[in-house]
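# Structural overview for review
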Amino acid sequence: MSDTLQLAIDGMTCASCVRRVEKAIAAAPGVERASVNLATERAEIVLAAKADAGPVLAAVERAGYGAHVVAGEATGDSEREKRRAELSALRRSLAVAAILTLPIFLVEMGSHLVPAFHHAVMATLGAWNGYAQFVLSGVVLFGPGLRFFRKGIPALLHAAPDMNALVAMGAGAAWLFSAVATFLPQILPAGTANVYYEAAAVIVTLILLGRYLEARARGETSEAIRKLAGLQARTALVVADGASREVPIAELAIGDIIRVRPGEKIAVDGEVVEGSSFVDEAMITGEPMPAAKQVGATVFGGTLNKTGSFSFRATKVGAQTLLAQIIRMVETAQGAKLPIQALADRITAWFVPAVMAAALVTFLAWLAFGPSPALSFALVNAVAVLIIACPCAMGLATPTSVMVGTGRAAELGVLFRRGDALQTLRDASVVAFDKTGTLTAGRPAMTDIVLRDGLAEDEVLGLLAAAESRSEHPLAAAIVEAAGRRGLPLQEAREFDAMPGHGVSAAVGQRRVSIGSDRLMARLGLDVGVFAAEAAQFAADAKTPLYGAVDGRLVALLAVADPIRPTARAAIAALRARHLHIAMVTGDNRVTAEAIARRLGIDEVAAEILPDGKAAAVRRLGAGGRKVAFVGDGINDAPALAAADVGIAIGTGTDIAIESADVVLMSGDPQGVARAIALSEATMRNIGQNLFWAFAYNVALIPIAAGALYPVNGTLLSPMLAAGAMALSSVFVVTNALRLKRFRFGREAGVPEDGRRPVPAA
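So, how was this worked out
Here the residue numbering is sequential within each chain, running from 1 through the sequence in written order. Two thresholds apply to this predicted model, a pLDDT of at least 70 for residue-level local features and 80 or more for giving and counting side-chain atom pairs, whereas whole-chain, interface and lining totals are computed over all residues. Excluded from the side-chain calculations are hydrogens and water; all other atoms, namely the structure's heavy atoms, are used. A run of H or I in DSSP counts as a helix once it spans at least four residues, and a run of E counts as a strand once it spans at least two, with each numbered from the N terminus. Only heavy atoms matter for contacts: two residues are in contact if any of them lie within 4.5 Å across the pair. Only the protein chains shown count as cover for residues, with accessible areas throughout obtained via the Shrake-Rupley method and a probe of 1.4 Å. Candidates for patches are residues over 30% relative accessible area with no salt bridge; among them, like charges are joined within 9 Å and nonpolar side chains (Val, Leu, Ile, Met, Phe, Trp, Tyr) within 5 Å. By definition here, a salt bridge exists when the distance from a side-chain nitrogen of Lys or Arg to a carboxyl oxygen of Asp or Glu is within 4 Å. Each residue is placed in one exposure class: buried if its accessible area under a 1.4 Å probe, protein chains only, is under 20% of its type's maximum, exposed if it is over 50%, and partly exposed if it falls in between. At least two bridges found by DSSP between two strands are what make those strands a pair. In this analysis an axis means a line fitted to C-alpha atoms, helices contributing only their contacting stretch, and an angle means the value between N-to-C directions, from 0 to 180 degrees. Note on ring pairs: Phe, Tyr and Trp rings are taken, using the six-membered ring of Trp, and paired if centres are within 6.5 Å. Classes follow the plane angle, with under 30 degrees stacked, over 60 edge-to-face and the rest tilted. UniProt positions are given in the numbering used here, feature names are shortened, and annotations may be inferred rather than shown by experiment.

### Looking at the overall build of the protein chain
Within the protein chain, the secondary structure is distributed over 28 helices and 26 strands. In the protein chain, the share of contacts with a sequence separation of at least 24, taken over all contacts with a separation of at least 6, comes to 69%. Per element, the accessible surface of the protein chain, about 31,900 Å² overall, is 59% carbon and sulfur.

Here you go:
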């Protein structure tokens, strides 16, 4: 039995850091699998049974990073405090570096641009100009910039260079060469004793600026988690012994009676025991219309009571509440690695060493073939190559898009329980639906009853309803409800036997009663041909025929209709517009299933499928390498949800179905399938843009930094500009990912959200 552990990792700055931490964790004893995410700064680790986390933490420390175990429950407040502290520290460091760098920059740039200014500086300061720049730039490098040396130098010594190593080498080389030119110019070749203090200081300042902007933007990527955590009520009004008192929600226990007043947040999950109201559940379902709540209704923590007042009994508290589970699901999805990330990981494995090699080749080439002073040209261009090629953008390209995409999905009522489902769902070519409770409302009603042998209708219905009263199937509930509407008393059912996919049998009074499909009647040796005409008509009208037998005799044919969900037609239309193959897999009668399929425009029907055959049906749909997404809500859908490439559970369904799924639609609206696919496509498109930018940036600018344009038009890339470009590349990637926060289903999919009014594509 394996254990999954979440670690918070401190000090990661680029994709090379991610790979280094992953390798360190993987080498620790007892680790079966490790995945590290730069955007969330988390590591998910699968440990062998009884393995200790201590060696893992020690391995991370030895690699030069901090780590601590993340508690099981949401740690939103502590994480926000940590991010605020990090941002505050970066702001201070940036301010100090900028203040000290500004005079160096003004003096050097002013001297280059205005000869008179240069003469004035030399006449006023003379040699003290170099000494002052040495001190100011040294404070910048070994004050605010010390973080790069603390991490970069050990990384070099461990033969695992990262972004910090590139910055430390680039800025350090510029500063060290300048120091030699200031204090020991005689040891340098004639004409090469130039100083580059401004380059060293500006490099550090610009990279700190990039880190600060990136940290601010990355803080916005987890906004969905903050919003969800902010929905939690802080206190609740508990009623006990005729009195009420305000208590923190951490002190609530299952069974407590809680009073909710108009405009208040519901504290925890529970069942209404008194009163009625309308509750805004948009944070869970994504639906704007408030839901009516009466005695017996379920309410969820974090939702907002609108008008009335009611009391409810707490059924789930703390980490058990739906909101806490949603937060955990979103956190898990945001920390996941998509298969496409493997490409970036493979490239960054050799990228930093390749950059260092490119910098060395640049240095030697300019030293050998460059114009005078060759050493100065060689140093400047090698430093530019080191600085411009930091792989920060590569490391952030995928995880930031995943974080924002899954967070936006949660706001729309779509929960990705597994982050990699984002990529798999985009690749799906077949969408298969269960029928009952998914495409239909799941609340069928009996519409017709046909008898034979002149038996009394109420007597037969009473017997059949008594047998069905022990069943939890929606069709059984329809029969029992029909008997209730007629006021028929139900006798106790004994020796109850439920046969999944067939029907039920029970002893009612002195009689043996069976009710179910034609398969059950065939099993009992009964011929249903006497009802063939009526059954065919019912099926053509999309009504499900059920047969009733009493004491071994076929006595009745009943018709049950499950109304199609109002948005089902729009959902199927949206999927067909994406050129997807739509199938329906159901245990219902074939004629009934095909009638519903015709109404909705479904391409393929697999009907009369027993629960254990649904998984096989899904695998058949996936023949030829097609990716299949299966949508279902019942216990009998769990195997199919697990067998599909992507299992999508209707959130109003059973816990077992939800646990078997990769994606959960909280509203129960099948239109959420199109919404999830559209968001998957938008996220993967965003990731593609980020990866293209990150790779194209390096491919284009490394040769320019090395001086490739110099023989053509005399262009060289200053190390300062290289530092600015590198910092902006990371900011661009994160900012591009944040565009997903504005995702709108209608705009992305080109279909209406409400199934009625067309919405033009953007």
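### Quick look at a nonpolar patch on the surface
Together, Y131, F183, L184 and I187 make up a nonpolar patch on the protein surface, roughly 370 Å² of accessible area in all. Summarising the element assignment, F183 is placed in helix α7 (residues 163-183). With relative accessibility at 42%, the residue F183 sits in the partly exposed group.

### Concerning the environment of A132
Structurally, A132 is set in helix α5 (residues 128-142). The sequence separation of A132 and P103 amounts to 29 residues, and the corresponding C-alpha distance is 9.8 Å.

### Regarding the sheet that holds strand β9 (residues 277-280)
Across the sheet, which stays open at both edges, the 3 strands sit in the order β10-β9-β12 with antiparallel pairing between neighbours. Here the strands that pair on one side only, and so sit at the sheet edges, are β10 (291-293) and β12 (304-305). The pairing of β9 with β12 spans 2 bridges and is antiparallel. The residue bridging V279 from the neighbouring strand is N305, located in β12.

### A short note on the sheet that holds strand β2 (residues 31-37)
The 4 strands lie next to each other as β2-β3-β1-β4, forming an open sheet whose pairing is antiparallel. Single-partner strands in this sheet number two, and they are β2 and β4 (66-69). Here the strands of the sheet are splayed against their neighbours by 25 degrees on average, with no regard to which way each runs. Looking at chain direction, strand β1 (residues 3-10) and β4 are connected through 4 bridges and run antiparallel. When the sheet's bridge partners are listed, I9 is paired in β4 with A67.

### Details of the pattern of salt bridges
Following the criterion strictly, the structure yields 15 salt bridges and no others. A salt bridge links E274 to R259; its shortest N-O distance comes to 2.3 Å. Of this pair, E274 sits in strand β8 (residues 269-275) while R259 sits in strand β7 (residues 257-260); the two residues are 15 residues apart in sequence, bridging distant segments of the chain. On the basis of relative accessible area, E274 is assigned to the partly exposed category, the value being 38%. The exposure class assigned to R259 is partly exposed, which follows from its relative accessible area of 24%. Across the salt bridge formed by E411 and R408, the nearest N and O atoms sit 2.9 Å from each other. Separated by 3 residues within a single helix, E411 and R408 lie in helix α14 (residues 392-411), roughly one turn from each other.

### What about the packing of aromatic side chains?
Evaluated as defined, the whole model comprises 11 aromatic pairs. Relative to F183, the ring of F134 lies with its centre 5.0 Å away and its plane at 80 degrees, an arrangement referred to as edge-to-face. With a gap of 49 residues between them, F134 in helix α5 and F183 in helix α7 connect regions that are remote in the sequence. According to the relative accessible area criterion, F134 is partly exposed, its value standing at 24%. Judged by centre distance (5.2 Å) and plane angle (40 degrees), the ring pair of F142 and F149 falls under tilted. Classification of F142 by relative accessible area gives partly exposed; the value is 40%. Classification of F149 by relative accessible area gives buried; the value is 15%.

### What about the UniProt feature "transmembrane region" (unreviewed entry) in the protein chain?
According to UniProt, the positions carrying the feature "transmembrane region" (unreviewed entry) are residues 89-107, 127-146, 166-188, 194-213, 347-369, 375-398, 691-710 and 716-738. Secondary structure within residues 89-107 divides into 100% helix and 0% strand; the distance between the first and last C-alpha atoms comes to 28 Å. With 85% helix and 0% strand, residues 691-710 has its two end C-alpha atoms placed 29 Å apart.

### Description of unusual backbone geometry
Keep in mind that most residues, glycine aside, have a negative phi and that most peptide bonds are trans. In this structure, the amide linkage connecting S372 to the following residue, P373, adopts the cis form with an omega of -5 degrees. Within the secondary structure, P373 is located in the loop between α12 (341-369) and α13 (374-388). In this structure, D241 is a non-glycine residue whose phi angle is positive, near 55 degrees. Checked against the element boundaries, D241 lands in the loop between β5 (235-240) and β6 (243-248). We classify D241 as exposed; its relative accessible area is 84%. Of note in this structure, H579 is not a glycine but carries a positive phi near 65 degrees. Mapped onto the secondary structure, H579 falls in the loop between α20 (568-577) and β22 (581-585).

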